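Survey of secondary and tertiary structure
Residues per chain are reported as follows:
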Amino acid sequence: MRYYMPTKVYSGECCVSEHRKEIASFGKKALIVTGAHSARANGSYDDVTAALDSEGIAYALYDKVEENPSVETIMEAREFGVREGADFVIGIGGGSPMDAAKAIALMIRNQDKPWEYLYTADPAASWLPVICIPTTCGTGSEVTAVSVLTNHALGTKASIKHAIFPELALIDGRYLSKAPLSVLRNTAVDALAHLVETHINADRTDYSDMCVAAGLSVWSRSKDVLLGNREGTSEDYCNMMTASTMGGMAIAQTGTSLPHALGYKLTYELGMPHGKACGHFLQNYIREASEAEQAFVLEHAGFASVDEMESFYQAVCGRESVDPSLLADSVSRLLADPARLAKASFPVDETVIRRIAGLE
Ligand SMILES: [Fe+2]
């Protein structure tokens, strides 16, 4: 068994300000990578710039990371970062800016390389230090080595071939308090999918289960907030962030499984939010698992049955009917990906995958 998650994590209110000296220790000029609006709206951008200012560290802002960032965006940000002389990268936001920050850090360090280098395995690769500050509660990217980019050449989303763990993750639940309920819902379902797909996974270990068990029970505490039955408290926001980070620690051990693989195409073709797209397949995936696996995830997540979990999914995300030809396309892509198929903890063939996709 192996457990590896080398990112140092600080969690708690005002942790960015509290750890500003450590943030400043990574370089002389930061490239701040974020989306257009939310980092400013939720206070995280101001916290980061105040911390850098107080330590006399310069910074440049690249705030053009879109949802499901493209390879083109990474290359544009690389040019910008090189021009600005950035020597470390701070990603602030949901999975998109954090994933982009990792890829940008790689490409700035390797400034003579073309975009194909993102998808070229290189054991000798190096990158600038990355700090991640999540402002949604799903991706867990702050504690994973994954960077998923939209690749128009491949016609889907795909993870780069470099395992880039951030040096530092700073997790402050306050940043969730201004997030729209739809963002909380979609990202919390992503966190749920990470935790479930780590347990129902051929590479599951007792160490990864430690993350899953704790992550699901923390996750389950805020279901009522996601259902809209009550307002979120600061404790809820902290719990949602913690569950998301634990989900990241979990997938850092095993990788995601079939629901994520099937979900990418729905996001690429329909613009369906990532968490909702993975959740679309999650219940059917659980139904294929052993009784013991089902009991483990349902018990820790606080659902009496898979049907109850499906009702929860419908209430928070809404189940969309997806064109069968698109689902069939997702199925054939997955069938052509033996590494991903091998993540399932049960035997799979085309019929099983079609059942998970809702085609049988
Ligand atoms: Fe995910």
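Residues numbered from 1 in each chain as written. Predicted model: local features only at pLDDT ≥ 70, side-chain atom pairs only at ≥ 80, totals over all residues. Heavy atoms only, no water.

Some points on the coordination of the iron ion
With distances of 2.1 to 2.2 Å, the protein atoms coordinating the iron ion are Asp 190 (OD), His 194 (NE2), His 260 (NE2) and His 274 (NE2). Considering all four donor atoms around the iron ion, angles at the metal cover 82 to 171° and the coordination shape is irregular. All donors of the iron ion come from a single chain, and their spacing in sequence reads D-x3-H-x65-H-x13-H. Here Asp 190, found in helix α7 (residues 181–199), pairs with His 260, found in helix α11 (residues 258–270); they are 70 residues apart in sequence, far enough to count as distant. Of the two residues, Asp 190 and His 260, both sit in the buried class. (Donors = N, O, S within 2.8 Å, 3.2 Å for Na, K, Ca; no water. Tetrahedral: all angles 85-135°; square planar, octahedral: opposite > 155°, others 65-115°. Helix = DSSP H or I, 4+ residues; strand = E, 2+ residues; numbered from the N terminus. Buried < 20%, exposed > 50% of the residue type's maximum accessible area, 1.4 Å probe, protein only.)

Thoughts on empty space enclosed by the protein
Evaluation of the coordinates by the stated rule reveals two cavities of 30 Å³ or more. In this structure, the largest cavity encloses a volume near 40 Å³. Lining the largest cavity are Cys 137, Ala 188, Val 218, Trp 219, Ser 222, Leu 226, Asn 239, Met 240 and Ala 243. Every element with two or more residues in the lining of the largest cavity is listed here: α8 (206–220) and α10 (234–254). Ranked by residues supplied to the lining of the largest cavity, first place goes to α10 with three residues. Residues that form the lining of the largest cavity fall into these classes: seven nonpolar, two polar and no charged. The computed volume of the second largest cavity comes to approximately 40 Å³. Around the second largest cavity, the lining residues are Val 189, Leu 192, Leu 282, Gln 283, Met 309, Phe 312 and Tyr 313. Elements with a contribution of two residues or more to the lining of the second largest cavity: α7, α12 (274–288) and α14 (306–316). If you tally residues by element for the lining of the second largest cavity, the top one is α14, at three residues. (1 Å grid on protein atoms, 1.4 Å probe; cavity = no way out; pocket = protein on both sides within 12 Å on 5 of 7 lines; lining within 4 Å. Points joined across faces, edges and corners; volume = space filled by probe spheres on them. Nonpolar A, V, L, I, M, F, W, Y, C, P; charged D, E, K, R; others polar.)

Points about the domain arrangement of the protein
Split by domain assignment, the protein resolves into domain 1 (8–174) and domain 2 (182–356). On a C-alpha basis, the centroid separation for the pair domain 1 and domain 2 is 25 Å. Facing 24 residues of domain 1, the contacting portion of domain 2 comprises 24 residues. Considering only the surface of domain 1 that becomes buried against domain 2, Cys 137, Gly 138 and Lys 157 emerge as the three largest contributors, covering 30% of it. Between domain 1 and domain 2 we count zero salt bridges in total. Of all the secondary structure elements, the ones that give two or more residues to the side of domain 1 that touches domain 2 are β6 (148–151) and β7 (156–159). Residue composition of the side of domain 1 that touches domain 2, by class: eight nonpolar, twelve polar and four charged. (Domains from an automatic or database assignment. Contact = heavy atoms within 4.5 Å. Buried area = accessible area lost by both parts, 1.4 Å probe. Salt bridge = Lys/Arg side-chain N within 4 Å of Asp/Glu carboxyl O.)

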